[in-house]
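# Structural features, examined
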Amino acid sequence: MESMELKKLQEEQGVVLSEINNLSATVKRENGRVMSGEELERFDKMDADFKSMSEKIETLKRVERYSNVSDRKEESRSPYQVSNHKPQVVSRNEQDLAFKCWALKASGNEQCITTRHQEAAIKTGVNVNNNSFIYRLSDNPNDSQMVSRNQSSGINSEGGYLQNDGLFQSLEQNIKWWGGVYGVSKTIRTQTGEPLSWAYNDDTAAVGVLLGQNTAVANSSLTYSKKVIGCYDFSSQVFPVSLQLIQDSQIDISSMVGEALGVRLGRVSNTYFTTGTGASQPDGFMNDASAGVTAGSSTVLAYSDLVKLKYCFDYAYLNDPSFRFTMSLSTFSKLQLLVDDNQRPLFWNQQANLASGSPLTLLDVPIVINNDMPAATTGLKPICGIVGNKFIIRQVKDIQIMTLKERYLDTLSVGFLAYMRADCKLLNDNCAKVLTMA
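Because the structure is a prediction, the values reported are computed rather than measured.

Parameters at a glance
As a convention, each chain's residues are numbered from 1 in the sequence order in which they are written. Owing to the predicted nature of the model, reporting of local features is limited to residues with pLDDT of at least 70; listing and counting of side-chain atom pairs is limited to 80 or more, with chain, interface and lining totals taken over all residues. The side-chain quantities take in all heavy atoms of the structure and omit both hydrogens and water. Stacked, tilted and edge-to-face are the three classes assigned to paired rings of Phe, Tyr and Trp, where Trp is represented by its six-membered ring and a pair needs centres within 6.5 Å; plane angles under 30 degrees give stacked, over 60 edge-to-face, the rest tilted. Per the convention used, a helix needs a DSSP run of H or I reaching at least four residues, while a strand needs a run of E reaching at least two, with both numbered from the N terminus. Relative accessibility thresholds used throughout: buried, under 20% of the residue-type maximum; exposed, over 50%; partly exposed, between the two (1.4 Å probe, protein chains only). Among buried residues, the Ala, Val, Leu, Ile, Met, Phe, Trp, Tyr and Cys ones that are joined through side-chain atoms within 4.5 Å form a nonpolar core. Residue contacts follow a heavy-atom distance rule, with two residues in contact if any of their heavy atoms lie within 4.5 Å. For two strands to be treated as a pair, DSSP must find no fewer than two bridges joining them. Neither His nor the chain termini are counted; the positive set is Lys and Arg, and the negative set is Asp and Glu. One side-chain nitrogen of Lys or Arg within 4 Å of one carboxyl oxygen of Asp or Glu is enough to make a salt bridge.

## A closer look at the packing of aromatic side chains
Across all of its chains, the model carries 11 aromatic pairs by this definition. Their ring planes at 55° and their centres at 6.2 Å tell us that F234 and Y272 sit as a pair that is tilted. A residue pair is termed long-range when its members are at least 10 positions apart, and F234 in strand β5 (residues 232-235) and Y272 in helix α7 (residues 253-275) qualify at 38 residues. Its relative accessible area of 5% is what places F234 among the buried residues. Residue classification places Y272 among the partly exposed positions, given a relative accessible area of 33%. Taken together, the aromatic side chains of F99, W102, F133 and F416 make up a single cluster linked through ring pairs.

Here it is in structure tokens:
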């Protein structure tokens, strides 16, 4: 129920917004002329008033949500009733306690739930009455800070939208980090798993023309193609955790579960996104990558092979900030063995890069280690150059975590199981080229 103060403030904000729109419409009708000094001063004042009102309205809404939480908690017969709002500041300990509250309730151990567990669940917005826990993936999947903080007040009534530390940081970091395929891709999130059509074009071969006098200009339209990105289900398999660990408040159960589930999902998705065949499984980038160069040896990598691989790409792709070389650690170790005629290592600076935290590079191109890449042996393709912005990984937003309580009841354990829905597609085979061993 909105208070009179909130309603009045919203009405006043509506008046200010109407005045801003009227002023903008006036300027637009007059061929988009520049605002006069008086009009600009008036616009700035209205803009400042609108922002100030927005902040006050949001504060009042938060206060009312807290009030609603208290009211519902008193009225409910269940001690596990949750709010529809999560405060902006939630500590790691509170997240851990909230997850334990859900895990204990889902595993049939309500008697172990303490007041601290209940309060943490209410504060973080976790619905402990559900048999599944839904973790919402970050809205900014390509942001390096994607798992640091999310100050959104939105809560999924089916679970928790927590994105700070513990389970949430461990889960997403391990999915993204494990194996390296996310380092050579552009990740997008979708609300549903419906087939996604992605249009693209490759205009690198097109050029302009030199015109003579009174010469007609020929048409040269962009040619667009389309690829469809679907959705496949990935499972972590069951991760059993003893009831004693869940009950022990000193154990960081959320980080432990998050890391285990994230690593498992990361491993399986990395394999299919790298080498998937596209037949009832994701179409990995190696399946669609085009031929780059063939090495002069079936087992030995030569410096000349690496140079040829780099420069078989169009220069536009080489200048793309997302251009990378990707290979397994075993292949990378062979590069470390390359020496010049005086037995000096050709890639002498790699150890210094590792020590300083700088990216590994090959011919000034960043290297992404991916152990699902083939080995450097006869007939295989151990190194791939790829423009990451042209390799799309599509993830459906929510990861669902479930508990299996009866299956492991005889060992006093609870099984955790996570599902992720995702797919991938290389948009243009010219954007990924491989070095093939002879």
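Once you've had a look at it, read on.
## Some points on the nonpolar core
Membership of the largest hydrophobic core comes to 50 residues, with the highest contact counts inside it found for W102, F273, F285, C384, F391, I401 and F416. Counting residues per element, this core draws most heavily on helix α3 (residues 92-106), which supplies 8 residues. Setting aside chain neighbours within four positions, we find C384 in contact with F285, M286, A289, R324, F325, T326, M373, A432, K433 and V434. Membership of the second largest hydrophobic core comes to 26 residues, among which are A295, A376, I383 and V387.

## Considering the sheet that holds strand β10 (residues 365-369)
The strand order β7-β15-β11-β8-β10-β9 describes an open sheet built from 6 strands, whose pairing is mixed. With partners counted over all chains shown, the strands left at the sheet margins are β7 (290-294) and β9 (361-362), one partner each. With 4 bridges connecting them, strand β8 (residues 323-327) and strand β11 (residues 383-387) associate as antiparallel partners. Bridging from a neighbouring strand, R324 pairs with I386 of β11.

## A closer look at the side chain of K425
Take K425: it is sitting in strand β14 (residues 413-426). Of the buried charged residues, K425 lacks a salt bridge, with D283 as the closest side chain of opposite charge at 4.1 Å. Apart from residues no more than four positions distant in its own chain, K425 is found in contact with K227, V228, I229, D283, K390, F391 and I392.

## Digging into the side chain of T331
Within the element layout of this structure, T331 appears in helix α11 (residues 329-336). Excluding residues that lie within four positions of it along the chain, T331 makes contacts with L301, P374, A375, A376, P382 and I383.

## Remarks on the pattern of salt bridges
Applying the stated criterion across every chain, the model contains 5 salt bridges. Here K123 ties to E94 by a salt bridge, and the two come within 2.9 Å at their closest N and O atoms. Residue K123 is found in helix α4 (residues 115-124), and its partner E94 is found in helix α3; the two are separated by 29 residues along the sequence. Overall, the relative accessible area of 30% leaves K123 in the partly exposed class. With its nearest N and O atoms 3.0 Å apart, the salt bridge here joins R344 to D340.

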